[in-house]
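# Architecture and fold: a report
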Amino acid sequence: MNRDSGSTDRDTFPPVTVLRGIGPKIMGHLQRLHIHTVQDLLFHLPIRYQDRTHVRQIGTLQAGDECVLLGTVDHSEMVYRKRRMLLVSVSDGTGRILLRFFYFNKKQQENLAPGVSIRCFGEVRRGVSSLEMVHPEYEIQRTGDTAKVEDHLTPIYPTTEGLHQLTLRSVTSKALRWVEEDEVPDLDLLPEIPEIDGCQPSVIEALKFVHRPPPEADTQALAAGTHVMQRRLAFEELLAQRLSLFKLRLQMQKQPAVSIAPPGRLYAQLIESLEFALTSAQERVIGTVFSDLKKNYPMLRLVQGDVGSGKTLVAIAACLQAIEAGYQAVVMAPTEILAEQHLQNFASWLSPLGVELAWLSGRMTASQSSEMKARISSGSAQAIVGTHALFQQGVTFHNLALVVVDEQHRFGVHQRLALREKGVQGVGSPHQLIMTATPIPRTLAMTAYADLDYSVIDELPPGRMPVSTIAVPHERRHEVVERVASACRRGQQAYWVCTLVEESEAMQCQAAENVFQELSALLDGVRVGLVHGRMKSQEKNAVMRDFARGRVDLLVATTVIEVGVDVANASLMIIENAERLGLAQLHQLRGRVGRGVQESSCVLLYSAPLTENAKLRIDTMRATGNGFEIAQVDLEIRGPGEVLGTRQTGMLQLRIADILRDQDLIPQVHESAKWLFAEHPRTVDALIHRWLGKSIEFGQV
Ligand code: ADP
Ligand code: MG
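To keep things clear, this report deals only with the structure shown in the data block. Worth saying up front: this structure is predicted, and the values here are computed from it rather than measured.

Conventions and cut-offs
Residues numbered from 1 in each chain as written. Chains lettered and ligands numbered in written order. Predicted model: local features only at pLDDT ≥ 70, side-chain atom pairs only at ≥ 80, totals over all residues. Heavy atoms only, no water. Near = heavy atom within 4 Å. Polar contact = N/O pair within 3.5 Å; in protein donor to acceptor, adjacent residues only side chain to side chain. Areas by Shrake-Rupley, 256 points an atom, 1.4 Å probe, with all protein chains shown as cover. Helix = DSSP H or I, 4+ residues; strand = E, 2+ residues; numbered from the N terminus. Nonpolar A, V, L, I, M, F, W, Y, C, P; charged D, E, K, R; others polar. Buried < 20%, exposed > 50% of the residue type's maximum accessible area, 1.4 Å probe, protein only. Pairing = 2+ DSSP bridges. Phe/Tyr/Trp six-rings, centres within 6.5 Å; stacked < 30°, edge-to-face > 60°. Lys NZ or Arg CZ within 6 Å of the ring centre and 35° of its normal.

Turning next to the site of ligand 1. Taken together, 19 residues sit near ligand 1, with Gly308, Lys311, Thr312, Arg464 and Asp566 positioned nearest. Contact between ligand 1 and Gly310: an oxygen atom at 3.1 Å from a main-chain N or O atom of the residue. Contacts to ligand 1 include Thr312, whose side-chain N or O atom sits 2.7 Å from an oxygen atom. For ligand 1, whose free accessible area comes to 560 Å², the fraction covered by protein is 87%. A per-element tally of the shell around ligand 1 places helix α10 (residues 311-324) first, with 3 residues. Tallied by class, the residues present in the shell around ligand 1 amount to 7 nonpolar, 6 polar and 6 charged.

This is the structure we're talking about:
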């Protein structure tokens, strides 16, 4: 089917108030859900469904079912346990169930008398001695009442305080009826209807179905989000997402940036000074970055490389190009401790080359920080290392040409946009290089980061030995302590990481203090050090330096050492309460060992009983050291929003699509996106507007 491209303009859809019965009060609520036009309402999609389309037999129920029942009250009594409650036993000839009420009045109690026939709806739970429903919706049946049921599955919508599901159902019904009228704009924006799972549903068919699924709909598929009608909409949403990021990227590329050309004399000097050869993956990625830097629009590149793959050198190579061309480069790290590590790393690589470094931390004294700021704005500092504080403290750069964001996947589109402002005055936006250790599947990366180019360092430096991983229950902690003691006495170095769940930082630091005291007292002849986030940077640095130089054998730490810390001689990693950490964190922590020549191991200390997910995490850690496999399991456990950090940044907030579940749609999405961009630019805008609304404003980009 062919249509005029872009026949539907963003203003074609009238405000919701054209629908009868929507007044200022409801409109106010709807606006809080970002619903302004009828189109917005149509695309406000249910998050789940209830099945009130038929009456279930009590004998067939299982815990977890949400359903309608019809039965007779056998027995009703008020009991006093911890609190007053009304227990009503109901049966229908196939079985019996208990209804439990905490809030009820005298009249309700009287009405629910033996012999009365009632209809109720609720969630079935397993009670002490039988199945039960807590606070079901119910209705007393009079003789002659027909067993009325709904003629479609009941949608449950995302809502906001004061806006009832019934109201949302009623307004969406109105919107769906409105679509039936003659003079409404065409909802099928796509010039061709995509084929999904062998069908070609129009968008309106899909919307009607998803808002009001018929009773015979495959409820399992609906619950899983895999019904073809849901996939039709998910396809469009992913397409809109892709288009918006793509567009953002094109607009970023329209910004000028300084073109940084080799010679690369400093880089050559650096390579000569290394005592190892670059891996071919490092060489390849550095080559790509160099050619990005030559362009006169900003580089926007995500480099992904597993823990220990040598990302720092890629960052340094890029910085050197910028510095040699006379510009400044910034390296941003997510935590202070990592920023400090970077500073040390950078100093050890760059100072011999004569590069001037500056350092900015949220914890500096006012005079230290104003001295640093002066060096940054005068241009005497060539490479600047710090945390995000760098961009929040009113720092002016002399001529910033490159921003490296390290170990940071929680860095969203908006933060990236903010960087544009920081570039060389009158010359352009800085180039951006973003480094992440989260090894996500390529299709996911390309969806979540469609505004970025993407490179992978898919090789570890040679000679890395796998870290053997064991899990030990807390009861045997003393054995682990002994093992650490004897390893340290043999000249090995170890980390002991303390974790707490839902901790305040203060509590976490306290826990580390306690373990430090305990281990210092227990372990004669072992030099124990402590680092945590609340120590002064100088103290922290001193301890880290002592550890790096072998003057401390055992380093007790909080998870602040999670990323980036690099001490090659450390070969033992103990993680306390490992069951509390996510896979990405465990993998990062384990990545702190296995960097040197000796065999390394990691001990996951846990407290039983383990939840199913915790067990899966620990088993996964024992089974594999491959970051990619670990990320796959992590995605299954936590979902892409958490793993990619898109939830925190407000990026990729999808209504119906799920980039993990729907990843098979992505190749088709990419193809359609390319084609729409080339042939139907107005459709692109209309689609973005439909699905993303005002959440990303491109006009000003
Ligand atoms: P990550 O990718 O985790 O940031 P790093 O950049 O910290 O990894 O590198 C980990 C360690 O490997 C560092 O000690 C670094 O000096 C070393 N390294 C980097 N590249 C190589 C290489 N090609 N050969 C040997 N060691 C390397
Ligand atoms: Mg690193």
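Here the focus is unusual backbone geometry. Cis geometry marks the peptide bond from Ala608 to Pro609, where omega comes out at -5°. Within the element layout of this structure, Pro609 appears in the loop between β22 (601-606) and α19 (612-623). Notably, His34 is not glycine yet its phi reads approximately 60°, a positive angle. Positionally, His34 belongs in the loop between α1 (24-32) and α2 (38-42). The backbone of Asp197 shows a phi angle near 50°, a positive value even though the residue is not glycine. Its location among the elements puts Asp197 in the loop between α4 (165-180) and α5 (203-211).

With that settled, consider the pairing of strand β10 (residues 300-305). Of all 6 residues making up β10, 6 are buried, and the element is well covered by its neighbours. Judged from the 5 bridges that link them, β10 and strand β15 (residues 431-436) form a sheet pairing that is parallel. Pairing of Gln304 across the sheet is with Thr436, part of β15. Alignment of β10 against strand β16 (residues 453-457), held across 5 bridges, turns out to be parallel. The residue of β16 that forms the bridge with Arg301 is Asp453.

By the definition in use, this model includes 6 aromatic pairs. Relative to Tyr138, the ring of Phe101 lies with its centre 5.5 Å away and its plane at 75°, an arrangement referred to as edge-to-face. A residue pair is termed long-range when its members are at least 10 positions apart, and Phe101 in strand β5 (residues 96-101) and Tyr138 in strand β8 (residues 137-141) qualify at 37 residues. Taking the relative accessible area as the measure of exposure, Tyr138 reaches 25% and is therefore partly exposed. Over the ring of Phe121 we find Arg52, and its NZ or CZ is 3.7 Å from the ring centre.

Its place among the elements puts Lys674 in helix α23 (residues 666-679). Between the C-alpha atoms of Lys674 and Leu243, which are 431 residues apart in sequence, the distance is 8.5 Å.

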